[in-house]
Each structure stands twice: as C-alpha cells, then as structure tokens.
Amino acid sequence: MFIQIENTSPSFKEFTLVMPAVSVGNVGQLATDLIISTLNMSRVGYFHTGCLIPMVGNNPYAPSADNSTELCTTAEVYASPDLKLAVLQIRSPIIQTKRKPFRKLIISWIKSSGFARTVLLSSSHAYQRDDQQIHSTPLRYLLSPAMQRVVGDALKELDWREMEKLKMFPGLSETEERLYIPGGGITKGLYTDCCSEDVPLAVVLTFCSEGDNIPDAFALVSHLNDWLHLVGKPSDAQWKVPDSWRLLFGNGIPLAIF
Amino acid sequence: MATFFGEVVSVYSRAVEEDEEDVDNENEEDQQIRREIEQKREVHVNWCPEATQSITNPSDRTVQCSNFVMAVGPNAAGFLSAYVLNSGNWVAVGSVMLWNERSKDSSQQPSCVIYRQSDCPKVLICQCTCYIAEDQLFQWTEKVFACIQQRGLNVTVLSDCSMAEYKSPDSPFSSGAPFLRALKSSQYGSQPACPLLEQPNIVTGLAAAVLSHCQVQRIPAILYQCYSDVLLPDSLTMETYKPALTPLSKLVKLDTCQSTEILRKLVQFNEAQSNLYT
C-alpha cells in the first residue's frame, strides 16, 4: 500500500505515472533511476507491501561525497508537481507467488490516486524475437484501449512501432494471435489487467540481452522523452547517472597483485 | 543463447524468473495446493502470558517496550549470548515459529526467541539465527511489531553479512574485516557508533524488512551490519558488535568477565569441524 511521507500530502490528480516492470536486464528500473536523478525529484511516499523482497540502503541519488543519511526502501514514489509527474521506483524482484496480488495493488492505487495515464517501462528477451522483429529498432509500445483514446495517433506520428502479436500456431492457423513478452515480468499481466479494467496504460519496452544494460536504459528513456518531453528538447536530453550505479562490475583490485 | 565465443548457454536472468505465465493459468487443484503451502509457511508469534502480563497494555494487548534489540545471524546472536544474556536475569518471554524449505521437519524449535530482563522489563532482546524465506520476511515483521507498543519504541538491529557482499572502490583486502557499518531510519536522532553504509551497498533479509517497517511507521531504528571474512561464527566478529550497544549502556550491561569463556564454547564446535586433521 502507498504510505505518504510525513508533512507531505501529495495529490496525483491528472498526473502521469511512470513505473518500471522488473524485467530482463533491469532496463525499466535503470531508466526510472535516470528520470528521478535527472529531474531531481523528491520522495513523497513508500509503496510498502509484502509482495516485494525487502531491501534497504542509503539514498541512491545523493552524490557519493555527501554523507547522506536518507534511508531508501524497496519501492518508493517520487513526484515533480511542476511536470505533473509521479515515478514509482521498484528496487527488488516481486515474490513469484505474489505477482497477481501485486498487479491488483498497483491497479487499485492507480485508480484511487486519479492518475491520468500510466507508463510502464519494460524489456523483453532479445533472443526470442521472431524474423520480422529482428529487422527493426528494438523499441516497441503497447496501448490499452483507454490509453488509445487519450493518446490517439500521437505515437504513430512519432514513428513508433507497436509490439507485434505472434501467431499462436505458426503455419497452422493465421488468425489466432497472442501477445508474448518473454522476460517481461508482470508486463503482460499488468497490460491485460489494465485493458480489462479500462485503465489508461502505455507499455514502452525494448528488446535486450542480459549484461551491461546501461545503454539499453539510455535508449529507452530517450525514446520515452521523445513522447513525454521530460527533459528539454528530445535532441539535447542530458541524463544524469546516479552515483549508486558505481561498482556494477565489482570492487577495486588489490594493489598487491602488481 | 550463443555467446561471443560461440558456445550455447542457457539464459539466466537477474530480474525475472522463467515460467512466469504459468501462475496465471492454474486450476483449482493448483490453487488449493498453493493455499495449503501458504498456510504451512505462516509465521506464528507466541508470548508467554505469565512473563508478559506485567508489561502488557490492557487496552490493545501490546507489550510495552522502550528498546527492541535484534540479532540476525549466528555472530550477532552469539555476541548477545556472550555479553548480554549470560548476566542479569534474562528470561525467554516469547518466540517466533515458522516453517520453510530449509527447516528441519522433525524439530519444533522456535526460529527466534525473545528475552527480557526482570529488573528492566522494557528492553526486549530477540535472537534470530534460522533462515527466513523471502516471502516470510514481511509477515515476520508485521506480526512481531503488531505485538509491541509503538509509542516510545527504539529499535536496534545487529546483523551478520559476508565480506563478499561489500562493495567498495578499494580492494576488499584493504578494509580490515570484520568491521561495522550503520543504516538508520529518518526518525533516529543520535549519532551512529560507526560510519554509515556507503552507496551502492544494500542490506537485504530480515534486517532490511525490520528497518523498512520502522522507516515507514516512523519508528527510530538503527541497523549495525557487521561485514566479516570468516565463513563460520567466530569470536573476533562477535566482539566487533561491542560499540553498537554503547548507546544502550544504561539499560543493557555488557558483561565482559565471563564472556571469553562463553565465546570459546560458542565457536569450539566449528573449530573442531573445520580442521581436517584433528
């Protein structure tokens, strides 16, 4: 459930919510980090639930020299009232048996907070693309019917590509199709739920492989910026990398080995 | 997936688990089994009524407590056993029972035991050495803290961690393990007894669940995480926790006279096992 921080009474009426799906390469989470750190957003609340694995650390967006003591938890909500933007960052995996309750929790929070639209940043296994998907940009989008009414053709005009539906029985039946997002975590489930519950949701995802996924995160967040204009003009977007991204590939080397 | 060198490896993802769509398409029998497993994995908190009667609020049945000290892991628990629990009249007043895939089926031993002292009943000590699964951590915290009065409560958590988890721009060999690092909730006003945990280090497990709960519920809490390079419990690591309890010195006495003897007993078992030639 959402618990606001003392002395703040955030209202999310008509806000845009951006949140990651915990998915392959953690691309959505990295992209979300970039948004929070670049826009210098302030924390307005926690998303405290037993569906996520608990973790704590020090403020990941503080400069490392600053001896910051602000405790950060598993899932937190940041807001920027000027931009009418709220961001939910999720920092740990969803417990596997609790995916459904988690999706329900998110949707009921979106409904009760009055968000105008929700953007889910996600990713999918690059190695599971089919022939037509390999031959183009790795970025895709999906709109729930409610979102389609809000956005209209804006994304088509930006030259974005919609996530293709795959044939259920290739070679046998050409009519039955299904949405397939391998490695996307709750992406497909949340999208389906939003479609049936008439919640405006856009999924913006990239195909990627596990590894150093920082370039994927930059590509995804710049792509999103083409649409939402979060930072400056699309061309001169300067993203600020949070200090906590250091040491992703291990510690320093012992000097004694030289 | 083929790698750069051409060999085919099965793909493992840090972020997501496979067969994620199966959970949605389960039938009634699956659901029944799932419910039963969930029931079996439930966390139970038992209080000894005689021992807690004097400190229980009659209105909401919560236990009055000014300081809740928790030890997570064998070193932290060993430290409390050797320096605190062996002197003064500490009695067990409660326990937490749970079952998960790593529990031994035969033993009905509590996974965590809560103690209090007869002459200073508002300090509770909780020792926790068993494995608590990820899906039980939140429940553990909710259930234990539901029994404790929140007003005026201070929480101290001592937790073990392997040196391998510690990230630093310097070599891990130059950091002089074992050492302490602290994390505090926003409501905690005092100065921690050691440096704060640097980015991008994080804490997980029971200590993280408790600290998250305290942060969200605005309870002053501090966590002391001890990074050790020894795999098994050892006396040097246990002693590292000493400064963590100095702020509580008025309430909890550190007894050093017998502690060496007890520490020796605690680690003896491991020493005998770790040496191939004895």
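Just above, that's the structure.
None of the values given here were measured: they were computed from a predicted structure. (Residues numbered from 1 in each chain as written. Chains lettered and ligands numbered in written order. Predicted model: local features only at pLDDT ≥ 70, side-chain atom pairs only at ≥ 80, totals over all residues. Heavy atoms only, no water.)

Visitor: Describe the nonpolar core, naming the residues involved and giving the relevant values.
Guide: Residues and elements named next belong to chain B. Ranked by size, the top nonpolar core spans 48 residues in total, and within it Phe 68, Trp 140 and Val 155 carry the most contacts. At seven residues, the largest contribution of residues to this core is made by helix α5 (residues 206-216). With residues near it in sequence (within four places) discarded, Trp 140 still touches Val 43, Met 70, Val 96, Leu 98, Cys 112, Cys 126, Cys 128, Ile 132, Leu 206 and Val 210. (Core = buried A, V, L, I, M, F, W, Y, C linked by side-chain atoms within 4.5 Å. Buried < 20%, exposed > 50% of the residue type's maximum accessible area, 1.4 Å probe, protein only. Helix = DSSP H or I, 4+ residues; strand = E, 2+ residues; numbered from the N terminus. Contact = heavy atoms within 4.5 Å.)

Visitor: Pulling in residues and values, what's your account of the packing of helix α4 (residues 134-146) of chain B against α5(B)?
Guide: Residue and element names in this part refer to chain B. The N-to-C vectors of α4 and α5 enclose an angle of 50°; their axes lie 9 Å apart at closest approach. Taken together, the axis directions place α4 and α5 in an arrangement best described as oblique. α4 and α5 meet at a crossing whose hand is right-handed. Contact residues: Leu 137, Trp 140, Thr 141, Glu 142 and Phe 145 in α4; Leu 206, Ala 209, Val 210, His 213 and Cys 214 in α5. For the contact of α4 with α5, the class distribution of residues is seven nonpolar, two polar and one charged. (Axes fitted to C-alpha atoms, helices over the stretch in contact; angles between N-to-C directions. Parallel < 35°, antiparallel > 145°, perpendicular 65-115°, else oblique. Left-handed = near helix turned anticlockwise from the far one by under 90°. Nonpolar A, V, L, I, M, F, W, Y, C, P; charged D, E, K, R; others polar.)

Visitor: Residues and numbers for the interface of chain B and chain A, please.
Guide: At the interface, 49 residues of chain B touch 56 residues of chain A. Surface buried jointly by chain B and chain A totals about 4,400 Å² across both partners, of which 55% is contributed by carbon and sulfur atoms. When the area that chain B buries against chain A is broken down by residue, the three leading residues are Arg14(B), Gln199(B) and Val216(B), summing to 16%. Put simply, chain B and chain A have zero salt bridges between them. In this assembly, chain B and chain A are joined by ten residue pairs in polar contact (both at pLDDT 80 or more). Elements supplying a minimum of two residues to the side of chain B that touches chain A: α4, β7 (179-184), β8 (202-204) and α5 of chain B. Partitioning the side of chain B that touches chain A into residue classes produces 20 nonpolar, 14 polar and 15 charged. In terms of strand pairing, strand β4 (residues 55-58) of chain A meets β8(B) through three bridges, oriented antiparallel. Bridge pairing in β8(B) places Val56(A) opposite Val203(B). (Buried area = accessible area lost by both parts, 1.4 Å probe. Salt bridge = Lys/Arg side-chain N within 4 Å of Asp/Glu carboxyl O. Polar contact = N/O pair within 3.5 Å; in protein donor to acceptor, adjacent residues only side chain to side chain. Pairing = 2+ DSSP bridges.)

Visitor: Go over the pattern of salt bridges, please, and point to the residues and values.
Guide: Residue and element names in this part refer to chain A. The tally for this structure, following the rule as stated, stands at twelve salt bridges over all chains. The closest approach of N and O atoms between Glu 197 and Lys 111, which form a salt bridge, is 2.6 Å. Pair noted here: Glu 197 is in helix α6 (residues 187-197) and Lys 111 is in helix α2 (residues 99-113), with a separation of 86 residues, a long-range link. The partly exposed category is assigned to Glu 197, whose relative accessible area is 39%.

Visitor: So what about the pairing of strand β10 (residues 166-169) of chain A? Which residues, and what values?
Guide: Residue and element names in this part refer to chain A. Here β10 pairs with strand β11 (residues 173-178) via three bridges, running antiparallel. Bridge pairing in β11 places Leu 166 opposite Arg 178. Two successive antiparallel strands, β10 and β11, enclose a turn made up of three residues, where Gly 171 displays a positive phi of approximately 90°.

Visitor: Explain the sheet that holds β8(B) residue by residue, including any values.
Guide: Strand order in the open sheet formed by three strands is β5(A)-β4(A)-β8(B), with antiparallel pairing between adjacent strands. The open sheet has two free edges, formed respectively by β5 (71-72) of chain A together with β8 of chain B, since each of these has just one partner strand.

Visitor: Give me the sheet that holds β7(B): which residues, what numbers.
Guide: All names here are of chain B. Spatially, eight strands are ordered β1-β3-β4-β5-β2-β6-β9-β7 in an open sheet, and the strand pairing comes out mixed. For this open sheet the edge positions go to β1 (44-47) and β7, each flanked by a neighbour on one side alone. Adjacent strand axes in the sheet meet at a mean angle of 20° when their direction is disregarded. Two elements, β7 and strand β9 (residues 221-228), share six bridges in a ladder whose sense is antiparallel. Each bridged residue has a counterpart across the sheet, and for Leu 180 the counterpart in β9 is Cys 226. Sheet strands touched by α4: β1, β2 (67-72), β3 (90-97), β4 (112-117), β5 (123-128) and β6 (154-162). Its angle to β2, the strand with the most contacts, is close to 150°.

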